[in-house]
Each structure stands twice: as structure tokens, then as C-alpha cells.
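Reading the structure
For reference, the chains in residue letters:
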Amino acid sequence: IGNRLRLIFKLTSLKLHYKDSLVFIAASGIGDLCYALSFIEDIKAKTNKKVVALTREYTCEALSAFPAVDKIVIMKSKDADFFYNCELPEKMRPVFNGYSLKQGVFICTPLTEDIYDYIKNSKTNYIDILKESLAELEPTHITYPVVPDIDIGRFSFSDINKTVIINPYSNSLSVEKTDLFEKIAVLLNNKGYSVYTNTVGNQKAVEGTQRLECTLSELYNISGQCAAFISIRSGILDFMIGNGGRYISIYDTAWNNKFMEAYSL
């Protein structure tokens, strides 16, 4: 009960502080905020309100790619952790629910199997589900991130048209067959492609590939020009999917194969 009261207090305080704005609390991953903002232009136009987004520092770059967001606020770690770990009441677990639509304060929560089964109704793709849950606002088109063209010359790709990026890491899924990406790298190398592994921090490059370290905006530009981007199903794909690139997305059998239904691209 204490945590639930604390949650309502925090949400009410945010609503009062930003009383003329819609507030999005993005304490989770890049993919979660992309879905929560997937109809933000329509929501903003129909409500005639500004948009404030509260987020962690590491997702700030992703949020900045949504021009409809008027203000980005970096939360303190303890506040972000509270929203991320808070046990939400069942009716508040979907991103768009009765309470949030009334109050204008939305929590960009990850989609779990239980929430998916609770909200999917006649729709199975998460984008369609979100659109249906916003029926009263009549959203008509999906909002994708807008990333400016960036010179990727510093990476010295020998030929971007013969370059493939592999992305084997994700917070959503993990591939049990650890040699899968090594086999992909061997196949591509034998075909004359230059192969890179997208890495962050201490992540290791797949054997037979070169390490690629870049910003999210740089990756957006690279993936839009390279021969292919091969990735385990990840929130990064949600961010980049509108750039016209060529993607191969690898799923596992999560949620008895319903994960692929929900997160099909």
C-alpha cells in the first residue's frame, strides 16, 4: 500500500507541476519509449498540450529524436529506479489506460506477456494495440524518430554498400546458440562483406568481425546506408526502422511465440 500511495503521490505531483503538459515517464529502454511515443504527434494535436518527457541519461539521445517532445528532464537515479521497479496496479500497467488518459501522465512500461494478454483483444501487433487503446483520440499515423544526416566518414568503412552490422545484444532477448552470429559472420566474410559488431561498453565483438562503437544517431545513419543490419529483436530496431535500411530481425520463442506477434516489425 505504501508504494502504491507513493506512486499516486508522485504522478499527482508531476501532473500539478506540468499542469499544461502531457507527461511521459521513460525509465525503461529505447524500444519502450519508441512505442509509447509512436502516436505522440496525433496525441499532442488532439489534446493541444505540450509534451514533457522524464528519462534516464542513457535514453536522452533517443528522446531528442522526437521533435514533438517539448522538454526533456533527466531524472535522478532513485526516481527512475522507483518508476522502473514499481508494482503498478493492473489497470495502470498498459502505457495508455483510463487513469493515464484522464490525468495526462503516462509511464512507458515494458510490455510483458501478462500485459500483452490483457490488452491485445482483436489486435496482436503492439502498434495496432496502442492505436486501438487511443481510439478516442483517433490517431492516424505512426510517429518515428527524426535523426539528422550525419557524416559517417570517421568510421572509414571501405564500402558502406558491402558492410553489414551485427547486433547480438539486447535487454529483451538472448540467443542461446552463441555460435549463431559467428556462423553469420563467416558466411558474410566469405561473400566479401565487411562485418562489424555493434558494441557498447564491455560488450565483445563477434569472432570474425570488427568492433563498432558509435552514438545512437550515428548508428541510425550507418544502418540506413549499409548492406544489412542483422540483430536480435531489440529496442534499437524500433528506433531505426523508419530510416529505410535493410533489417534481419532474430526472435526466440518467448511467450510461446507471442513475442514475435507483438513485436513484429
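Attention here is on the structure that accompanies the text. (Residues numbered from 1 in each chain as written. Predicted model: local features only at pLDDT ≥ 70, side-chain atom pairs only at ≥ 80, totals over all residues. Heavy atoms only, no water.)

Some remarks on helix H9 (residues 180-190)
Turning to H9, its buried residues are Phe181, Ile184, Ala185 and Leu188. Taken around the axis of H9, the buried residues stretch over an arc of 100°, which confines them to a single face. When the buried face of H9 is taken as reference, the exposed residues oriented beyond 90 degrees from it are Lys183, Leu187 and Asn190. Summarising the contacts, the buried residues of H9 are in contact with strand S5 (163-167), strand S6 (194-198), strand S8 (228-232) and strand S9 (247-250). The positive-phi residue at the C-terminal boundary of H9 is Gly192, with phi of around 90°. (Buried < 20%, exposed > 50% of the residue type's maximum accessible area, 1.4 Å probe, protein only. Helix = DSSP H or I, 4+ residues; strand = E, 2+ residues; numbered from the N terminus. Arc of directions from axis to C-beta. Contact = heavy atoms within 4.5 Å.)

What to know about the sheet that holds S5
Here we have 5 strands laid out as an open sheet, ordered S7-S6-S5-S8-S9, and parallel in their pairing. Edge positions in the sheet fall to strand S7 (210-212) and S9, since each of these pairs with one other strand and no more. Across the sheet, the mean angle from the axis of one strand to that of its neighbour is 25°, orientation sign disregarded. The strands touched by H9 are S5, S6, S8 and S9; relative to S5, the strand with the most contacts, the crossing angle is about 180°. (Pairing = 2+ DSSP bridges. Axes fitted to C-alpha atoms, helices over the stretch in contact; angles between N-to-C directions.)

Structural notes on the nonpolar core
If you look at the biggest cluster of nonpolar residues, it comprises 59 residues, and the most contacted ones within it are Phe24, Leu111, Tyr126, Phe239 and Tyr263. Other than its neighbours up to four places away in sequence, Phe239 contacts Ile30, Cys34, Ala62, Ala65, Pro145, Val147, Leu216 and Tyr220. Of all hydrophobic cores here, the second largest spans 18 residues; its members include Leu7, Val23, Met75 and Ile107. (Core = buried A, V, L, I, M, F, W, Y, C linked by side-chain atoms within 4.5 Å.)

What about the packing of aromatic side chains?
Under the definition given, this model contains 15 aromatic pairs. Judged by centre distance (5.2 Å) and plane angle (80°), the ring pair of Trp255 and Phe259 falls under edge-to-face. The exposure class assigned to Trp255 is buried, which follows from its relative accessible area of 16%. Among the aromatic residues, those joined into a cluster by ring pairs are Tyr35, Tyr116, Tyr126, Tyr251, Trp255, Phe259 and Tyr263. Directly above the ring of Phe82 sits Lys10, whose terminal nitrogen or CZ lies 5.5 Å from the centroid. Geometry around Tyr84 places Arg56 over its ring, the cationic atom sitting 5.8 Å from the centre. (Phe/Tyr/Trp six-rings, centres within 6.5 Å; stacked < 30°, edge-to-face > 60°. Lys NZ or Arg CZ within 6 Å of the ring centre and 35° of its normal.)

Let's talk about the pattern of salt bridges
What the rule picks out here adds up to 11 salt bridges. Between Arg154 and Glu218 there is a salt bridge, with its nearest N and O atoms 3.0 Å apart. Linking Arg154 in the loop between helix H8 (126-133) and S5 with Glu218 in helix H10 (residues 216-225), this pair joins segments that are 64 residues apart in sequence. Given a relative accessible area of 10%, Glu218 falls into the buried group. (Salt bridge = Lys/Arg side-chain N within 4 Å of Asp/Glu carboxyl O.)

Focus: the sheet that holds strand S4 (residues 105-107)
The sheet built from 4 strands is open, its strands ordered S3-S2-S1-S4 with parallel pairing. Edge positions in the sheet fall to strand S3 (71-74) and S4, since each has one partner strand and no second. Each strand of the sheet is rotated relative to its neighbour by a mean of 20°, with strand direction disregarded. Sheet topology places strand S1 (residues 21-26) next to strand S2 (residues 50-55); 6 bridges connect them, and they run parallel. Each bridged residue has a counterpart across the sheet, and for Leu22 the counterpart in S2 is Val51.

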